[in-house]
Amino acid sequence: MSSDLAPHVLVLFGATGDLAARKLFPGLYRLAAAGRLPEHFEVIGSGRHSPGSDDDFRQQVREALAEFVGDVDEAVAGPLLERTRFVTSSADDGSELAAAVAEAEDRVLATCGCLLGDVRRLLYLSVPPGAVKGMVGMLDREDLVARSRLVTEKPFGTDLATARELHDVLATAFTEDQVFRIDHFLGKEAVQNILALRFANGLFEPAWNRHTIESVQIDVPEKLTVEGRGSFYEGTGCLRDMVTTHLAQLLGFVALEDPHAFRASAIRAAKAATFSAVRPIDPERVVFGQYDGYRDEPDVAPDSQVETFVAAEVWIDNDRWRDVPFYLRTGKALADGRRTITVRFRDPRHRWLKPEGGGTPEPNELVIELADQPRIAIDVRAKRPGPDMALVEGVFRLDLVGDVPGADPLEAYERLLLDVMRGDRTLFISSEEVDRLWEIFQPVLDRRPPVETYAVGSWGPAPALELPLGGWRLGNHPPDRELRQTHAGSSGPSGTTPRTG
Ligand SMILES: NC(=O)C1=CN([C@@H]2O[C@H](COP(=O)(O)OP(=O)(O)OC[C@H]3O[C@@H](n4cnc5c(N)ncnc54)[C@H](OP(=O)(O)O)[C@@H]3O)[C@@H](O)[C@H]2O)C=CC1
Ligand SMILES: O=C1O[C@H](COP(=O)(O)O)[C@@H](O)[C@H](O)[C@H]1O
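Residues numbered from 1 in each chain as written. Chains lettered and ligands numbered in written order. Predicted model: local features only at pLDDT ≥ 70, side-chain atom pairs only at ≥ 80, totals over all residues. Heavy atoms only, no water.

**Notes on the overall build of the protein chain**
Under the convention used in this document: Runs of E in the DSSP output that reach at least two residues are strands. Runs of H or I that reach at least four are helices, and both are numbered from the N terminus. Taken over C-alpha atoms, the radius of gyration is set against a globule rule of 2.2 Å times the number of residues to the power 0.38. Relative accessibility decides the category of a residue: with a 1.4 Å probe and only protein chains considered, values under 20% of the type maximum give buried, values over 50% give exposed, and everything between is partly exposed. It only takes one pair of heavy atoms within 4.5 Å for two residues to be counted as in contact.
Within the protein chain, the regular secondary structure consists of 13 helices and 16 strands. The C-alpha atoms of the protein chain give a radius of gyration of 24 Å, which matches the 23 Å a tight globule of 501 residues would have. If you line up the protein chain on its principal axes, its C-alpha atoms span 80 × 50 × 40 Å. Residues classed as buried in the protein chain amount to 54% of the 501 residues present. The long-range share in the protein chain, meaning contacts at least 24 apart out of those at least 6 apart in sequence, stands at 77%.

Quick look at the structure:
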């Protein structure tokens, strides 16, 4: 375990839930395996219903680790679980929890040689949004706010009014700098790499504007269906689940003005400036879809009008991006599972160079794959070696893990949990951003587009396919098929590869 972090008591509310099993305990395990947890810490899982004894809870966590981490090292899991306990709590009664936190702090104090004032509390609210208000009240009543950092999960309200209510609720007990609003997309290595790519490369930054870029696509299709989360989806829908959160944050990073530093105040200010220039979305330029069969999912109304797919056109009214459309697309039960940003460049106008088969050359595209194995690809035109002056299209590729010496990628929740313990809010969302994003999407909430059915395994409803200037890259582009094959494991050395297929 690492010693440069303050001693911690971590309390995970919703510890028997889906997020805890899939991401939070695996995140803690990975941090433990990498020696990145504090030297002195205790973990308390909490919820209204007890899974049984501490050992029963540990067994439940062990099973989650086996499922979501895979090859679990007992030398890591054993000591982590030894320091993990379960205690019930609810909005109405937190007395048992308060006693458990005090006992955990005593155990930490017995070994750390530090003072109580040095022991931090990390309170993670992995509970349904409706539970947050009551839980904050309970934490305040039980005196658990001091020395705490509070992590809250999306969705941050369901519109501007409810987001402000949520903000007021949090502010009744916590100062703003204690609150860490998490969007796990910002914890993805590849998303942070957007900033490195842009601001550390003289090749890109001067070209990152409307003079050079024709359009940008932020495309996050998912193959999975709502997978048993019907009740959550009925209350949330794709716009709130994915677009106002993850895709909007990706937009913020792609379109960001130079923040001049990688620290919370700078990144937040730059993102706020960008979001303030985003034009409220025109509902006429939004397509909602629902996959065929969604209404048969458990806990879904037989006449549900909830969208499982969204495609939207977004404009940013500032000097850099005026007249450059940004297209956002995401949905469940689509043809592929990807997180792809495509920056399409304007044509250089040197039309005397022609592709082999004649016609117009394909546009240059910078393709950023935000996968767990992130990649960057750039479509370029080159001369086909041979007797004629004919263009051929090639791809420059960079595998951001395989090709980078010393790569040590962190999974998104692993990274963000670490940042909370470090007290670093750079990759967390401010309440101003949340407000502005709801303002931007309010016209779509007020005038919801009709929901169009689409087939499972397709790329969404027909009107969405026609939304972007020049069409979507995913699902259409031959090099994209090639990139997908490489993703499947046949990775070769990086460099330019002639386009096939
Ligand atoms: N699952 C995912 O992939 C993602 C989830 N999220 C967010 O994370 C949060 C948790 O989601 P998820 O784990 O999927 O949800 P689950 O429904 O699986 O789990 C919720 C947990 O919260 C507890 N809980 C439920 N109601 C209350 C309540 N009124 N008061 C206190 N505790 C309560 C439950 O335990 P008990 O009944 O014992 O109290 C349960 O363990 C949500 O805000 C969700 O939007 C965000 C990103 C992805
Ligand atoms: O927050 C959410 O994100 C997941 C997609 O996240 P990823 O890291 O697996 O790409 C999405 O499936 C889920 O509906 C949403 O709540």
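Next comes the rest of the description.
**Overview of unusual backbone geometry**
Going from Lys154 to Pro155, the amide bond is cis rather than trans, its omega being 0°. With a phi close to 75°, Asp323 is a non-glycine residue in the positive phi region. Along the polypeptide, Asp323 turns up in the loop between strand 9 (309-314) and strand 10 (326-331). Classification of Asp323 as exposed rests on a relative accessible area of 56%. In this structure, Ala333 takes a positive phi of about 55° despite not being glycine. Residue position: Ala333 is located in the loop between strand 10 and strand 11 (340-345).

**As for the UniProt feature "binding site: substrate" (unreviewed entry) in the protein chain**
Applied cut-off: UniProt positions are given in the numbering used here, feature names are shortened, and annotations may be inferred rather than shown by experiment. Identification of polar contacts relies on pairs of N or O atoms within 3.5 Å, with a donor-acceptor requirement for protein atoms, meaning one able to donate a hydrogen and the other able to accept it, and with residues adjacent in sequence counted only if both atoms are side-chain atoms.
The UniProt entry lists His184, Lys188, Glu222, Asp241 and Lys332 under the feature "binding site: substrate" (unreviewed entry), expressed in the numbering used here. Examined against the element boundaries, Glu222 turns out to sit in the loop between strand 7 (213-221) and helix 8 (230-255). Ignoring sequence-local partners within four residues, the contact set of Glu222 consists of Met242, Gly331, Lys332, Ala333, Leu334, Asp336 and Gly337. Reaching out from Glu222, the side chain makes a polar contact with the side chain of Lys332 at a distance of 2.7 Å. With respect to the helices and strands, Asp241 occurs in helix 8. According to the relative accessible area criterion, Asp241 is buried, its value standing at 4%.

**Description of the sheet that holds strand 5 (residues 148-152)**
Convention followed: Pairing between two strands is assigned when DSSP locates at least 2 bridges connecting them. Lines fitted to C-alpha atoms define the axes here, with helix axes fitted over just the stretch in contact, and angles between the N-to-C directions of these axes take values from 0 to 180 degrees.
Here we have six strands laid out as an open sheet, ordered 3-2-1-4-5-6, and parallel in their pairing. The open sheet is flanked by strand 3 (84-88) and strand 6 (179-181), the only strands paired with a single partner. Sheet twist, expressed as the mean angle between neighbouring strand axes with direction ignored, is 20°. In the sheet, strand 2 (residues 41-47) pairs with strand 3 via five bridges, with the strands oriented parallel. Within the sheet, the bridge partner assigned to Gly47 lies in strand 3 and is Thr88. Lying on the sheet, helix 10 (residues 412-422) is in contact with strand 1 (8-13), strand 4 (120-125), strand 5 and strand 6; it crosses strand 4 at an angle near 140°.

**Notes on the packing of aromatic side chains**
The condition that has to hold: Think of it this way: a Phe, Tyr or Trp ring, Trp meaning its six-membered ring, pairs with another when their centres are within 6.5 Å, and the plane angle makes it stacked under 30 degrees, edge-to-face over 60, tilted otherwise. Both a distance and an angle decide whether a charge sits over a ring: NZ of Lys or CZ of Arg must be within 6 Å of the ring centre and within 35 degrees of the ring normal.
Summed over all chains, the structure comprises ten aromatic pairs. Their ring planes at 75° and their centres at 5.7 Å tell us that Tyr291 and Tyr294 sit as a pair that is edge-to-face. Summarising the burial analysis for this pair, Tyr291 and Tyr294 share the class buried. Stacked on the ring of Phe185, the Lys or Arg Lys188 has its end atom at 4.8 Å from the ring centre.

**Things to note about the nonpolar core**
We count it as follows: To define a nonpolar core, start from buried Ala, Val, Leu, Ile, Met, Phe, Trp, Tyr and Cys residues and group those joined through side-chain atoms within 4.5 Å.
Phe13, Phe25, Phe326 and Leu366 are the most contacted members of the largest nonpolar core, which totals 145 residues. Counting residues per element, this core draws most heavily on helix 8, which supplies twelve residues. Residues in contact with Phe25, not counting those within four places in the same chain, are Leu12, Ala15, Ala20, Val43, Phe57, Val61, Leu65 and Thr84.

**As for the site of ligand 2**
Note the cut-off: If a single non-hydrogen atom of a residue is within 4 Å of a molecule or strand, that residue counts as near it. Note on areas: Shrake-Rupley with a 1.4 Å probe; residue coverage comes only from the protein chains shown. Three categories are distinguished: nonpolar for Ala, Val, Leu, Ile, Met, Phe, Trp, Tyr, Cys and Pro, charged for Asp, Glu, Lys and Arg, and polar for the others, with Gly belonging to the last.
Contacts to ligand 2 come from Lys154, His184, Phe185, Lys188, Glu222, Arg229, Asp241, Met242, His246, Lys332 and Arg339. Within the side chain of Lys154, an N or O atom sits 3.1 Å from an oxygen atom of ligand 2. At a separation of 2.8 Å, an oxygen atom of ligand 2 approaches a polar side-chain atom of Arg339. Protein burial of ligand 2: of its 390 Å² of free accessible surface, 81% is covered by the chains. Class assignment of the residues belonging to the shell around ligand 2 gives a composition of two nonpolar, two polar and seven charged.

**Remarks on the side chain of Arg344**
Positionally, Arg344 belongs in strand 11. Polar contacts involving the side chain of Arg344 include one to the side chain of Glu365, which spans 2.6 Å. Leaving out residues up to four positions away in the same chain, Arg344 has contacts with Ile213, Glu214, Ser215, Gln217, Pro363, Asn364, Glu365, Leu469, Gly470, Gly471, Trp472 and Arg473.

**Remarks on the side chain of Thr308**
By the secondary structure assignment, Thr308 is in the loop between strand 8 (286-291) and strand 9. Thr308 sits in the buried class, given a relative accessible area of 0%. Within the structure, the side chain of Thr308 is placed 2.8 Å from the side chain of Tyr454, a separation counted as a polar contact.

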